[in-house]
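Residue-level structure breakdown
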Amino acid sequence: MIYLKTEEEIQLIKDSAQVLGKAHAEVANWVKPGVTTGKLDAVAEEYIRDYGGIPSFKGFNKFPASLCISVNEVVVHGIPGSYVLKDGDIVSIDCGVKLNGFHSDSAYTYPVGEVSKQVMDLLTATKKSLYKGIDQAIDGLRIGDIGFAVQDYVEQRGYSVVRELVGHGVGRDLHESPEVPNYGKRGKGIRLREGMVLAIEPMINLGTKTVMQERDGWTIRTTDKKFSAHFEHTVVVRKGKAEILTTFDYIEKVTANTSLMVEVK
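You'll find the protein chain entered in an unreviewed UniProt entry as Methionine aminopeptidase, with Dyadobacter pollutisoli given as the organism. Its UniProt record gives the protein chain the following Function (unreviewed entry) comment, quoted word for word: "Removes the N-terminal methionine from nascent proteins. The N-terminal methionine is often cleaved when the second residue in the primary sequence is small and uncharged (Met-Ala-, Cys, Gly, Pro, Ser, Thr, or Val). Requires deformylation of the N(alpha)-formylated initiator methionine before it can be hydrolyzed." Checking UniProt for the protein chain, the heading Catalytic activity (unreviewed entry) contains the comment "Release of N-terminal amino acids, preferentially methionine, from peptides and arylamides."

Listed below in structure tokens is the structure:
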């Protein structure tokens, strides 16, 4: 069942998203060579709890951490631990916050140190495709319009779209209906209605679209071991133009004029 959110509920999600955005920024301060992914996770959990939130991911289907941290060829659901970031890596940080009974969810992929132009172009295209998808989250359009916009943008640039992993509704539960694929056909799928809150999250690969799951039961990586990028916002469907509830503003205050910045023109 798809739940349309009231304005009061949307505001609660937006409140959650403020804590989430600031938690992301705290983590961004630590994204550099020599830092473990476990340290990033500890920074996020401490910040979220200090500001009255609950890490949405920790314990969700028994996931053991507050962040999904996915490095290089890992697409999503990487488990933080002893891995030490190094120059030339990319690291996707996916985080959710529950506050006052409502979840928000967002992700950002950082270049660590100096990365190649090919990899930086992947990050830029993936981030841009997120906004292409958000532009279609309008009352009266359809889910397929979102997926088509993402897919068309990245495939024209030679990248591939992961099929097995999709966005989703967000609200009182972290994952609600409907599913929001990053591929699709214009005019197909369920009709979007004002008040739907969606996590739109392109997962875009440098090489093949095919992925596999590691033995830990969580980590998803590309089968060809080429890099993958992931950006995500929680948005509400509106008439005329979608409203973005999460924010990258705090992240980008930290990353401005640094090698961590992923610019979209």
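A closer look at the UniProt feature "binding site: a divalent metal cation 1" (unreviewed entry) in the protein chain
As recorded in UniProt, the feature "binding site: a divalent metal cation 1" (unreviewed entry) lies at Asp94, Asp105 and Glu232. In terms of the greatest pairwise C-alpha distance, the residues named above, spread along 139 residues, form a tight cluster of at most 8.0 Å across. When you line up the elements, Asp94 lands in strand β4 (residues 90-99). Every residue in contact with Asp94, bar those within four places of it in the chain, is listed here: Phe57, Ser66, Leu67, Cys68, Asp105, Ser106, Ala107, Glu201, His230 and Glu232. Assignment of secondary structure puts Asp105 in strand β5 (residues 102-111). Excluding residues within four positions of it along the chain, Asp105 makes contact with Leu20, Phe57, Asp94, Cys95, Gly96, His168, Leu174, Ala199, Glu232, His233, Thr234 and Thr246. Polar side-chain contacts of Asp105 include one of 3.2 Å to the side chain of His168.

Notes on unusual backbone geometry
With the exception of glycine, the majority of residues adopt a negative phi angle, and the majority of peptide bonds are in the trans configuration. Backbone torsion omega between Ser177 and Pro178 reads 5°, so that peptide bond is classified as cis. Mapped onto the secondary structure, Pro178 falls in strand β8 (residues 176-180). Its identity is not glycine, yet Asn100 carries a phi of approximately 50°, on the positive side. Assignment of secondary structure puts Asn100 in the loop between β4 and β5. One non-glycine residue, Asn257, lies in the positive phi region at around 60°.

Description of the packing of aromatic side chains
Considering all chains together, one arrives at 6 aromatic pairs under this definition. Ring geometry for Tyr108 against Phe231: centres 4.9 Å apart, planes inclined by 75°, an arrangement best described as edge-to-face. With Tyr108 in strand β5 and Phe231 in the loop between β13 (228-230) and β14 (233-236), this pair connects stretches of sequence that are 123 residues apart. Here the two residues Tyr108 and Phe231 agree in accessibility, since each one is buried. Measuring from ring centre to ring centre gives 6.4 Å for Phe231 and Phe248, while their planes differ by 70°; the resulting arrangement is edge-to-face. Residue Phe231 is found in the loop between β13 and β14, and its partner Phe248 is found in the loop between β15 (243-244) and α5 (249-255); the two are separated by 17 residues along the sequence. Classification of Phe231 by relative accessible area gives buried; the value is 0%. For Phe248, a relative accessible area of 3% gives the class buried. Over the ring of Tyr153 we find Arg157; its NZ or CZ atom is 3.7 Å from the centre of that ring. The lysine or arginine in question, Arg163, covers the ring of Tyr183, its NZ or CZ lying 4.8 Å from the ring centre.

Things to note about the side chain of Arg221
Within the secondary structure layout, Arg221 lies in strand β12 (residues 220-222). Reaching out from Arg221, the side chain makes a polar contact with the side chain of Glu214 at a distance of 2.8 Å. Not counting residues within four places of it along the chain, the set of residues in contact with Arg221 comprises Glu73, Val74, Val75, Thr210, Val211, Met212 and Glu214.

Procedures and definitions
- Residues numbered from 1 in each chain as written.
- Predicted model: local features only at pLDDT ≥ 70, side-chain atom pairs only at ≥ 80, totals over all residues.
- Heavy atoms only, no water.
- UniProt positions renumbered as here; feature names shortened; annotations may be inferred.
- Helix = DSSP H or I, 4+ residues; strand = E, 2+ residues; numbered from the N terminus.
- Contact = heavy atoms within 4.5 Å.
- Polar contact = N/O pair within 3.5 Å; in protein donor to acceptor, adjacent residues only side chain to side chain.
- Phe/Tyr/Trp six-rings, centres within 6.5 Å; stacked < 30°, edge-to-face > 60°.
- Buried < 20%, exposed > 50% of the residue type's maximum accessible area, 1.4 Å probe, protein only.
- Lys NZ or Arg CZ within 6 Å of the ring centre and 35° of its normal.

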